[in-house]
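Examination of the molecular architecture
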Amino acid sequence: MIAAPLWVAYGANLGTLLRTCDAVGACMAIPGTDHYREALNKGDTLEQRPCIHWVDAKLDWIDRESRRGAKVIGVELYEDSIPLSRLEVARDPSIVLLGHEHSGLPAEAWAFIDQFVEIPMLGIGNSLNVAVAGSLVLYKLAGLS
Ligand SMILES: C[S@@+](CC[C@H](N)C(=O)[O-])C[C@H]1O[C@@H](n2cnc3c(N)ncnc32)[C@H](O)[C@@H]1O
């Protein structure tokens with residue numbers, strides 16, 4: 001399983017997601033740019049760095065992983081999303097796409113997504129923090145929650 005916060009901008013969120021990846025045995029894929037390397041250096045509080053895939057071209061990378069047989073799961077509040085309770089434990093290699101803190105998953109990524117999942121919300125907020133949303137999905141996919 002690979003968590004892919006390819007559009008997530010903030011170091012604290014990347015660091016939190018990296019800790020979750022470590023906890024559930026997933027890798028993390030992020031862009032190999034200076035911005036992301038610096039953000040991860042600030043956000044990463046682990047003593048040892050877990051598995052990271054440095055991505056050059058985001059959509060090409062998703063396309064390649066998909067053609068190799070990975071299931072691409074988009075984490076987004078969306079009318080076609082299944083609720084988290086219906087998400088099954090990952091039996092096949094899976095990519096978990098997470099969106100930007102302000103703009104979400106970009107439209108150009110949607111064509112690659114096999115399944116959308118959302119965490120239902122009852123409150124007045126429009127969305128969860130991306131690291132919280134990603135962590136809930138990763139735990140469910142890993143069969144640990
Ligand atoms: C803060 S949200 C983005 C909200 C943005 N204003 C929008 O309307 O798309 C950042 C990312 O967190 C994830 N996310 C947050 N809350 C979620 C939820 N309840 N269900 C599924 N994904 C969620 C999605 O990946 C989303 O792209």
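Scope of this entry: the structure provided in the associated data block. (Residues numbered from 1 in each chain as written. Predicted model: local features only at pLDDT ≥ 70, side-chain atom pairs only at ≥ 80, totals over all residues. Heavy atoms only, no water.)

Focus: the environment of Q115
Mapped onto the secondary structure, Q115 falls in strand β7 (residues 115-118). Taking the C-alpha atoms as reference, Q115 lies 7.2 Å from S81; in sequence the two are 34 residues apart. Not counting residues up to four positions away in its chain, the partners in contact with Q115 are K71, V72, I73, G74, I82 and L87. For Q115, the side chain forms a polar contact with the side chain of K71, separated by 3.2 Å. (Helix = DSSP H or I, 4+ residues; strand = E, 2+ residues; numbered from the N terminus. Contact = heavy atoms within 4.5 Å. Polar contact = N/O pair within 3.5 Å; in protein donor to acceptor, adjacent residues only side chain to side chain.)

Side note on the state of the cysteines
A covalent bond bridging the sulfur atoms of two cysteines is what the word disulfide describes. With the rule as written, the count across this model stands at 1 disulfide. Through a disulfide, C27 is tied to C51; the S-S separation comes to 2.1 Å. The S-S bond linking C27 to C51 shows a torsion near 95 degrees; that makes this disulfide right-handed. Residue C27 is located in strand β2 (residues 27-31), and its partner C51 is located in the loop between α2 (34-43) and β3 (52-55); the two are separated by 24 residues in the primary sequence. (Disulfide = S-S within 2.5 Å.)

Concerning the sheet that holds strand β5 (residues 82-83)
In space, the 7 strands of this open sheet follow the order β3-β2-β1-β6-β4-β7-β5, with parallel pairing throughout. Whereas interior strands pair on both sides, the edge strands pair on one side only; in this sheet they are β3 and β5. Pairing of strand β1 (residues 2-4) with strand β6 (residues 94-97), which is carried by 3 bridges, proceeds in the parallel orientation. For A3, the partnering residue across the bridge sits in β6 and is V96. Against the sheet, α2 contacts β2 and β3, and its axis sits at roughly 135 degrees relative to β2. Here helix α3 (residues 58-67) sits on the sheet in contact with β1, β2, β3, β4 (71-75) and β6, set at roughly 150 degrees to β6. (Pairing = 2+ DSSP bridges. Axes fitted to C-alpha atoms, helices over the stretch in contact; angles between N-to-C directions.)

Examining the packing of helix α1 (residues 11-24) against α2
The axes of two packed helices give the description: the angle between them and the distance between them. Contact geometry of α1 with α2 gives a least axis separation of 7 Å together with a crossing angle of 65 degrees. The angle between α1 and α2 falls in the class roughly perpendicular. Crossing of α1 against α2: the hand is right-handed. Across from G11, L14, G15 and L18 in α1, the residues of α2 making contact are Y36, A39, L40 and G43. (Parallel < 35°, antiparallel > 145°, perpendicular 65-115°, else oblique. Left-handed = near helix turned anticlockwise from the far one by under 90°.)

A look at the side chain of E76
Relative to the assigned elements, E76 resides in the loop between β4 and β5. Buried and without a salt bridge, E76 has K58 as its closest oppositely charged side chain, separated by 13 Å. Reaching out from E76, the side chain makes a polar contact with the backbone nitrogen of L105 at a distance of 2.8 Å. Sequence-distant contacts of E76, defined by excluding residues within four places in its chain, comprise S81, G104, L105, W110, F116, V117 and E118. (Buried < 20%, exposed > 50% of the residue type's maximum accessible area, 1.4 Å probe, protein only. Lys, Arg positive; Asp, Glu negative; His and termini not counted. Salt bridge = Lys/Arg side-chain N within 4 Å of Asp/Glu carboxyl O.)

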